[in-house]
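Residues per chain, in single letters:
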Amino acid sequence: MTVKTSRVNEDKPLLTGTAILYNQNGNGFPSPMSKTFPVTNISGGPINESSEKNSSFGESISDYNPLLNRQLENPTSNFDTMVHLLKGNIGTGILAMPDAFRHSGWVVGLVCTTFLGAICTHCMHILVRCSHELCVRTQSPSLSFPNVAKMAFEYGPPKLQKYSTTASKFINTFLVLTQLGFCCVYFLFVATNLQEVICHYFFYLSVQSYLVILLVPMILLNCVKSLKYLTPASFFATILTVVGLGITFFYLLQGLPKISSIKAFSSWKQLPLYFGTAVYAFEGIGMVLPLENNMKDPSAFGGMTGVLNTGMVIVTCLYTSVGFFGYLRYGEAVKLGSITLNLPGQDLLAQSVRAAMAFSIFLSYSLQFYVPIGIVWPALKGYFHSQSSQRNAELSIRVFLVTLTFTLAAAIPNLSAVISFVGSFSSCALALIFPPIIELITFWDHCSGKEFVIMFIKDIIIIIIGFLGFGFGSYASLVNIITPITG
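Summary of the structure given here. (Residues numbered from 1 in each chain as written. Predicted model: local features only at pLDDT ≥ 70, side-chain atom pairs only at ≥ 80, totals over all residues. Heavy atoms only, no water.)

1. Describing the side chain of Asp-459
Thought 1: Mapped onto the secondary structure, Asp-459 falls in helix α14 (residues 449–482).
Thought 2: Within the local environment of Asp-459, its side chain forms a polar contact with the side chain of Lys-458, the two groups lying 2.8 Å apart.
Thought 3: Among residues more than four places away in sequence, those in contact with Asp-459 are Ile-126, Pro-436, Glu-439 and Leu-440. (Helix = DSSP H or I, 4+ residues; strand = E, 2+ residues; numbered from the N terminus. Polar contact = N/O pair within 3.5 Å; in protein donor to acceptor, adjacent residues only side chain to side chain. Contact = heavy atoms within 4.5 Å.)

Okay, here's the thing in structure tokens:
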């Protein structure tokens, strides 16, 4: 049996503004700032399922090692993988972490951010572990996130096997929703920061006005189909972002007040908003499999001191540092959605940071957009038969999706609320709910009684946390969209 599915994997980078996509052989398009990623094949290849589904540990199938059967043109080193992991996890959410701490309080923020980072990292390990196990069962060198879900159900309990295709489509749906949500955040981020700069030096316009001004350039930029033409722009965006983050942190450490000036705990009402923003920031699970699949030494990815743990410890420290010091520096006056909006308006350096970050995110939008178009267009392409109709249809879909994100951003010009909603609704599902479900289904009959009980309890706790964040976070975010919390 041959299974053909889309191999699209998403990430949410701010430092590169790129999405990483790989086909079944581990090939992907060149990532900015990298010399190692080969050419993309977004349609993906077949999964070799020559083995029978009832194969189990101890039989000949267990001798298959997917790590030794990956044909990689340009595998990445441990250092390269670490850099990509950092770039993929340090997203726009890092600039919203001070606002997240405002919703939680500094003590709760420090504890919960560390705890959430540990859970998200564990879920990434779960996904890699399930991928390895299912690669052995299907005798495939690598699997994407959607294919891991598909194969987990297909090799899972008999009553769930019929839902394998649905599981894959479910993952793809949330990938699309998540990435389009990121695009909405990008639209708002650029418009809000431009408004601050232009209002200070020239004249005032509403955020919606800047969104309208940005629409046509954004559509034109996203009509570029080949990512290789966007690589120079992404490289420039990376430089702007690194410099911008460095200067922002410099401002955060100036004139810090006493810690007694900020709340240790905010309120139960605001806590779900913290959760949504924090999960949004941590949601880099979509890039884990592409990175591990393309490593020269994949065995170095896991482990206590492996690439994944080391990278996520650094990411967690950055998030807690920016969140804590940003909230300490500006307190309850912290602006919603981005700490760059709190930098002193009279300083030319601070205004240049806003402009640089806005331009960086503008350039990054098209690379984020590559993920949803890479899922949506292949699903619709079969309805158009001639080459000209396919070309016009793809262009129309691109324009429609960009306009859709513009419309949503214009309808909800609340950067903080949008970030929290995207994090609670879609990012939470991908990062906290799906991985433990996949693990339970993958190992349902391959663990001893005690081992399965421990795994079951652990995964159920994570799923409950995920659903609580999903429900309460989405509700609180919607309420915040309707009646924004200003205090």
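So, next bit.
2. Examining the nonpolar core
Thought 1: Grouped together as the largest cluster of nonpolar side chains are 128 residues, with contacts concentrated most on Phe-187, Leu-211 and Leu-432.
Thought 2: With 16 residues, the single largest contributor to this core is helix α5 (residues 164–201).
Thought 3: Beyond its immediate sequence surroundings of up to four residues, Leu-211 is in contact with Phe-187, Leu-188, Ala-191, Phe-406, Ala-409 and Ala-410. (Core = buried A, V, L, I, M, F, W, Y, C linked by side-chain atoms within 4.5 Å. Buried < 20%, exposed > 50% of the residue type's maximum accessible area, 1.4 Å probe, protein only.)

3. Remarks on the packing of aromatic side chains
Here a ring pair, both rings aromatic, is described through the centre-centre distance and the interplanar angle of the planes.
Thought 1: Under the criterion given, the structure shown has 19 aromatic pairs.
Thought 2: A network of ring pairs unites the aromatic residues Phe-170, Phe-174, Phe-421, Phe-425, Phe-434, Phe-467 and Phe-470 as a single cluster.
Thought 3: One residue, Arg-129, lies across the ring of Phe-443, its end atom 3.9 Å from the ring centre.
Thought 4: The cationic tip of Arg-329 hangs over the ring face of Tyr-330; the distance from NZ or CZ to the ring centre is 4.9 Å. (Phe/Tyr/Trp six-rings, centres within 6.5 Å; stacked < 30°, edge-to-face > 60°. Lys NZ or Arg CZ within 6 Å of the ring centre and 35° of its normal.)

4. Brief notes about helix α3 (residues 106–138)
Thought 1: In this model α3 runs 47 Å from its N-terminal to its C-terminal C-alpha over 33 residues, within 8% of the 48 Å that 1.5 Å per residue would give.
Thought 2: Two residues or fewer past α3, Gln-139 is found with a positive phi of approximately 55°. (Expected span 1.5 Å × (residues − 1).)

5. Here's the deal with the state of the cysteines
Thought 1: Per the stated rule, a full pass over the model turns up zero disulfides.
Thought 2: Distance from the sulfur of Cys-183, which forms no disulfide, to the nearest cysteine sulfur (Cys-184) is 7.2 Å.
Thought 3: We classify Cys-183 as buried; its relative accessible area is 0%.
Thought 4: Given the relative accessible area of 7%, Cys-184 is considered buried. (Disulfide = S-S within 2.5 Å.)

6. Some words on the packing of α5 against helix α13 (residues 415–442)
Thought 1: Between α5 and α13, whose axes approach to 10 Å, the crossing angle comes to 155°. For the element pair α5 / α13, the angle class is roughly antiparallel. With respect to the hand of their crossing, α5 and α13 are arranged in left-handed fashion. The segment α5 lies against α13, with Phe-170, Ile-171, Phe-174, Leu-175, Leu-177, Thr-178, Gly-181, Phe-182, Cys-184, Val-185, Leu-188 and Phe-189 engaging Leu-415, Val-418, Ile-419, Val-422, Phe-425, Ser-426, Ser-427, Ala-429, Leu-430 and Phe-434. (Axes fitted to C-alpha atoms, helices over the stretch in contact; angles between N-to-C directions. Parallel < 35°, antiparallel > 145°, perpendicular 65-115°, else oblique. Left-handed = near helix turned anticlockwise from the far one by under 90°.)

Honestly, that's just the spatial picture; any functional story needs more than this.
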